[in-house]
Amino acid sequence: MFKILYIEDTENNRILITRRLGQSGYQVVTADDAEQGMAVARTEKPDLILMDMGLPGIDGWNATRRLKADPALKEIPVIALTAHVMHGDREKALAAGCDDYDTKPFQFARLLRKIEALLVPHSPQRGEGRPALQSLGDGGVEQVLPAPQVRSYETPA
Amino acid sequence: MNSDARRSSQKIPSERIKEFAVQAGHDICNPLANILGFCEILLAQVEAPGAEYLKVGLKAVERTVTQMIADLKQVLNPDRTPPASAPEVKALQGRLQPQAAQILRTTQLLLPKAGSVKDGIFREDLSRMCDSAQRAGHLIDTRLSLYPSRP
């Protein structure tokens with residue numbers, strides 16, 4: 001089963017994406033800020049990172065630069081996520097080291113396609129046992145699978 | 001003041017307005033996008049007979065939020081030159097406030113009916129939608145009131 005780390009400061013967004021990815025057969029770990037995300041990335045060794053770019057403190061752009069500068073983490077693909085897009089943001093995300101880019105509100109089928117595209121070439125030996133997704137176009141992806149496995153890492157209030 | 005200095009003094013406020021527009025747009029879009037995400041999950045669960053009113057309510061919320069996001073992105077478009085004026089943003093706020101109140105009312109009305117869907121997660125997700133609607137309403141009230149005037 002592929003493991004995805006979702007770094008996002010809004011709890012409801014973490015729950016939403018965790019639910020959706022869990023339903024699609026991914027194991028999800030979450031962190032609510034960049035520092036926590038970096039620590040979780042080191043311990044959990046996720047197959048892919050979803051990075052909210054609007055994080056408080058160290059933002060997603062800088063967090064990605066740090067991840068990509070770390071020899072132990074630089075191979076993990078990162079998808080940048082943002083809620084308000086500016087012209088050139090995609091290029092900015094790629095320049096920061098992100099492997100792809102998506103915007104909120106999510107078209108979940110599109111996000112899944114991006115995740116799949118990055119996971120397959122990066123981790124051919126991992127993710128065994130993950131059920132195949134049956135894409136139903138932009139309307140959704142058929143859910144196959146076991147209950148989601150979720151672990152959250154949150155900074156204490 | 002020479003022309004370069006004049007351009008420079010005009011550029012700084014304009015850039016600040018754009019930065020504000022990006023941040024405010026991001027902050028308000030976030031809970032709205034969250035509502036849409038939960039709507040999608042919940043709509044997939046209300047196909048059961050007898051849950052038609054839930055479906056109608058969720059569809060209405062989905063339509064309203066989609067319209068709010070489009071309106072927000074158009075007015076606070078960070079690529080706009082010059083950025084939106086304070087009166088434009090005030091008008092945007094005037095449109096978004098009743099819509100935010102409406103989605104909050106609708107989700108609150110749907111909550112007691114959520115018991116008809118035999119899944120505790122359904123009610124939980126609906127509660128999260130209420131939270132996000134409240135948050136969106138609060139941000140529309142506060143952030144947009146602080147929108148700076150153009151020089």
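Residues numbered from 1 in each chain as written. Chains lettered and ligands numbered in written order. Predicted model: local features only at pLDDT ≥ 70, side-chain atom pairs only at ≥ 80, totals over all residues.

1. Structural notes on the overall build of chain B
- Along its length, chain B carries four helices and zero strands.
- Along the chain direction, N to C, the helices and strands of chain B fall in the order α-α-α-α.
- The proportion of buried residues among the 151 residues of chain B is 38%. (Helix = DSSP H or I, 4+ residues; strand = E, 2+ residues; numbered from the N terminus. Buried ≥ 20, exposed ≤ 12 C-beta atoms within 10 Å, placed from the backbone.)

2. Quick look at the interface of chain B and chain A
- The interface of chain B with chain A comprises 18 residues on the first partner and 16 residues on the second.
- Among the elements that make up the side of chain B that touches chain A, the one with the highest residue count is helix H1 (residues 3-43) of chain B (twelve residues).
- Along the lines of polarity and charge, the residues of the side of chain B that touches chain A split into eight nonpolar, six polar and four charged. (Contact = placed C-beta atoms within 7 Å. Nonpolar A, V, L, I, M, F, W, Y, C, P; charged D, E, K, R; others polar.)

3. As for the packing of helix H2 (residues 34-44) of chain A against helix H3 (residues 60-69) of chain A
Residue and element names in this part refer to chain A.
- At a minimum axis distance of 10 Å, the contact between H2 and H3 shows a crossing angle of 25°. On the basis of their axis angle, the class for H2 and H3 is roughly parallel. Every pair of crossing elements has a handedness; the one defined by H2 and H3 is right-handed. For the pair H2 and H3, the contacting residues are Ala34, Gly37, Met38 and Ala41 in the first and Ala63, Arg66 and Leu67 in the second.
- Looking at the contact of H2 with H3 residue by residue, the classes come out as five nonpolar, one polar and one charged. (Axes fitted to C-alpha atoms, helices over the stretch in contact; angles between N-to-C directions. Parallel < 35°, antiparallel > 145°, perpendicular 65-115°, else oblique. Left-handed = near helix turned anticlockwise from the far one by under 90°.)

4. Some thoughts on the packing of helix H2 (residues 52-75) of chain B against helix H3 (residues 86-110) of chain B
All names here are of chain B.
- The N-to-C vectors of H2 and H3 enclose an angle of 160°; their axes lie 10 Å apart at closest approach. Here H2 lies roughly antiparallel to H3, going by the angle between them. Judged by the twist between their axes, the crossing of H2 over H3 is left-handed. Contacts between H2 and H3 pair Leu54, Gly57, Ala60, Val61, Thr64, Val65, Met68, Asp71, Leu72 and Val75 from the former with Glu88, Val89, Leu92, Arg95, Leu96, Gln99, Gln102, Ile103, Thr106, Thr107, Leu109 and Leu110 from the latter.
- Considered class by class, the residues forming the contact of H2 with H3 number 13 nonpolar, six polar and three charged.

5. Points about the nonpolar core
- Counting 80 residues, the largest nonpolar core has Met51(A), Ile79(A), Leu32(B) and Ile35(B) as the members making the most contacts within it.
- The leading source of residues in this core is H1(B), at 13 residues.
- Those residues in contact with Leu32(B), other than ones at most four positions away along the chain, are Val65(B), Met68(B), Ile69(B) and Ala136(B). (Core = buried A, V, L, I, M, F, W, Y, C linked by C-beta atoms within 7 Å.)

6. Structural notes on the confidence of the model for chain A
- Of all residues in chain A, 76% attain a pLDDT of 70 or more, and the chain-wide mean is 80.
- Scored below 50 in pLDDT, residues 124-148 of chain A shows 41 contacts in the model against residues more than four places distant or in partner chains. (pLDDT = per-residue confidence, 0-100.)

7. Focus on the pairing of strand E3 (residues 48-52) of chain A
Residues and elements named next belong to chain A.
- For E3, a buried count of five out of five residues is recorded, marking the element as mostly surrounded by other parts of the structure.
- Across the two faces of E3 the burial is the same, with Leu48, Leu50 and Asp52 and Ile49 and Met51 all buried.
- Direction of pairing for strand E1 (residues 3-7) relative to E3: parallel, over a ladder of four bridges. Each bridged residue has a counterpart across the sheet, and for Tyr6 the counterpart in E3 is Leu50. (Pairing = 2+ DSSP bridges.)

8. Comments concerning the environment of Arg128(B)
- Inspection of the secondary structure assignment puts Arg128(B) in helix H4 (residues 120-143).
- Once the C-alpha coordinates of Arg128(B) and Asn34(B) are considered, the two residues, 94 residues apart in sequence, prove to be 8.9 Å apart.
- Those residues in contact with Arg128(B), other than ones at most four positions away along the chain, are Asn12(A), Ile15(A) and Phe38(B).

9. Re the environment of Ala24(B)
All names here are of chain B.
- By secondary structure assignment, the location of Ala24 is in helix H1.
- Residues Ala24 and Ala60, spaced 36 residues apart in sequence, show a C-alpha to C-alpha distance of 25 Å.
- Those residues in contact with Ala24 that sit more than four places away from it in its chain are Leu76, Arg143 and Leu144.

10. Brief notes about unusual backbone geometry
All names here are of chain A.
- Cis geometry is adopted by the peptide bond preceding Pro105, which originates at Lys104 and carries an omega value of 0°.
- Structurally, Pro105 can be placed in the loop between strand E5 (100-103) and helix H5 (108-122).
- Positive phi values are uncommon outside glycine, yet Lys45 reaches one of about 45°.
- By the element assignment, Lys45 lies in the loop between H2 and E3.
- By the C-beta count within 10 Å, which is 13 here, Lys45 ends up partly exposed.

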